[in-house]
Amino acid sequence: MTTTPYVVTPDLCDQYPEVKVLEPMFANFGGVDHFYGPIRTVKCFEDNSMVKQAVAEPGEGAILVVDAGGSHRCAMLGDMLAEQAAKNGWAGVIMYGCVRDVDILATLPLGVQALGSHPRRSEKHGEGQRDVAVTFAGVTLQVGQWLYADNNGIIVAEQPLKLS
């Protein structure tokens with residue numbers, strides 16, 4: 001997890017006008033409110049099997065971007081998977097869907113942004129895809145791009161940006 005230097009997305013947008021900006025629909029749930037790293041992706045719908053598989057692997061400072069179809073019917077990340085992600089070196093999770101156990105998520109050394117919270121867990125049938133391009137919030141996100149997130153929003157760049 002990288003917490004320094006501090007990410008300020010408005011400054012990055014000013015300095016790098018070519019970055020893509022996700023539509024403002026996400027809220028911070030993690031214990032780290034500014035984070036960045038290379039993108040890795042999961043695409044799944046109401047089945048978090050691939051999320052569980054991904055966070056069990058070394059994150060190496062990456063951001064797990066999950067296209068959960070924007071579902072508000074269940075949570076795709078909870079305290080146990082978030083704890084595992086933090087332990088395995090993931091810098092953060094962007095969830096185009098819901099999370100749960102939000103009081104515990106707020107204490108973890110992990111950036112987590114999601115659409116909302118939901119108490120119900122997801123199904124587990126082993127469905128989904130990993131490391132594919134995903135599109136939501138007006139932006140297509142791909143493995144190899146870099147994501148920067150803070151309380152102002154989420155931006156995506158084709159290459160690492162120089163942080164002041």
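Residues numbered from 1 in each chain as written. Predicted model: local features only at pLDDT ≥ 70, side-chain atom pairs only at ≥ 80, totals over all residues. Heavy atoms only, no water.

A. Seen up close, the overall build of the protein chain. For the protein chain, the count of helices and strands is 4 helices and 12 strands. Rg of the C-alpha trace for the protein chain: 14 Å, near the compact-globule value of 15 Å for 164 residues, within the 12% margin. Its C-alpha atoms give the protein chain principal-axis dimensions of roughly 45 × 30 × 25 Å. A buried classification covers 52% of the 164 residues belonging to the protein chain. (Helix = DSSP H or I, 4+ residues; strand = E, 2+ residues; numbered from the N terminus. Rg over C-alpha atoms; globule rule 2.2 N^0.38 Å. Buried < 20%, exposed > 50% of the residue type's maximum accessible area, 1.4 Å probe, protein only.)

B. Layout of the environment of Gly128. Examined against the element boundaries, Gly128 turns out to sit in the loop between β7 (111-117) and β8 (129-130). For Gly128, a relative accessible area of 37% gives the class partly exposed. Along the sequence, Gly128 and Val42 sit 86 residues apart, while their C-alpha atoms lie 7.1 Å from each other.

C. Quick peek at helix α3 (residues 79-87). Every buried residue belonging to α3 is among Asp79, Leu81, Ala82 and Ala85, and all of these are buried. Seen from one end, α3 has its buried residues packed into an arc of 165 degrees, which puts them on one side. Facing away from the buried side of α3 by over 90 degrees, the exposed positions are Met80 and Lys87. For α3, the secondary structure elements touched by its buried residues are α2 (49-55), β5 (75-77) and α4 (102-105). (Arc of directions from axis to C-beta. Contact = heavy atoms within 4.5 Å.)

D. Layout of the packing of aromatic side chains. This structure, assessed with the given rule, holds 3 aromatic pairs. Between Phe26 and Phe136 the ring centres are 6.1 Å apart and the planes differ by 55 degrees, which places this aromatic pair in the tilted class. On the criterion of sequence distance, the pair formed by Phe26 in the loop between β1 (20-21) and β2 (27-28) and Phe136 in strand β9 (residues 134-136) is long-range, its members being 110 residues apart. Aromatic pair Tyr36 and Tyr148: ring centres 5.5 Å apart, planes at 10 degrees, arrangement stacked. Taken as a pair, Tyr36 in strand β3 (residues 35-43) and Tyr148 in strand β11 (residues 146-150) lie far apart in primary sequence, 112 residues in all. Note on accessibility: Tyr36 and Tyr148 belong to one class, buried. An aromatic cluster of three or more residues is present, and its members are Phe26, Tyr96 and Phe136. (Phe/Tyr/Trp six-rings, centres within 6.5 Å; stacked < 30°, edge-to-face > 60°.)

E. Region of the structure containing the nonpolar core. By size, the foremost hydrophobic cluster in this structure holds 26 residues, and its most contacted members are Leu64, Val66, Leu77 and Met95. If you list the elements that add at least two residues to this core, you get α2, β4 (63-67), β5, α3, β6 (92-99) and β7. Considering each element in turn, this core owes the most residues, 4 residues, to α2. Once residues lying within four places of it in the same chain are set aside, the contact partners of Val66 are Val42, Cys44, Val51, Val93, Ile94, Met95, Tyr96 and Phe136. (Core = buried A, V, L, I, M, F, W, Y, C linked by side-chain atoms within 4.5 Å.)

F. Region of interest: the side chain of Gln113. Of note, Gln113 is situated in strand β7. Separated by 3.1 Å, the side chains of Gln113 and Asn28 make a polar contact. When sequence neighbours within four positions are dropped, the list of residues in contact with Gln113 reads Phe26, Ala27, Asn28, Phe35, Val93, Ile94, Met95, Ala149, Asp150 and Ile154. (Polar contact = N/O pair within 3.5 Å; in protein donor to acceptor, adjacent residues only side chain to side chain.)

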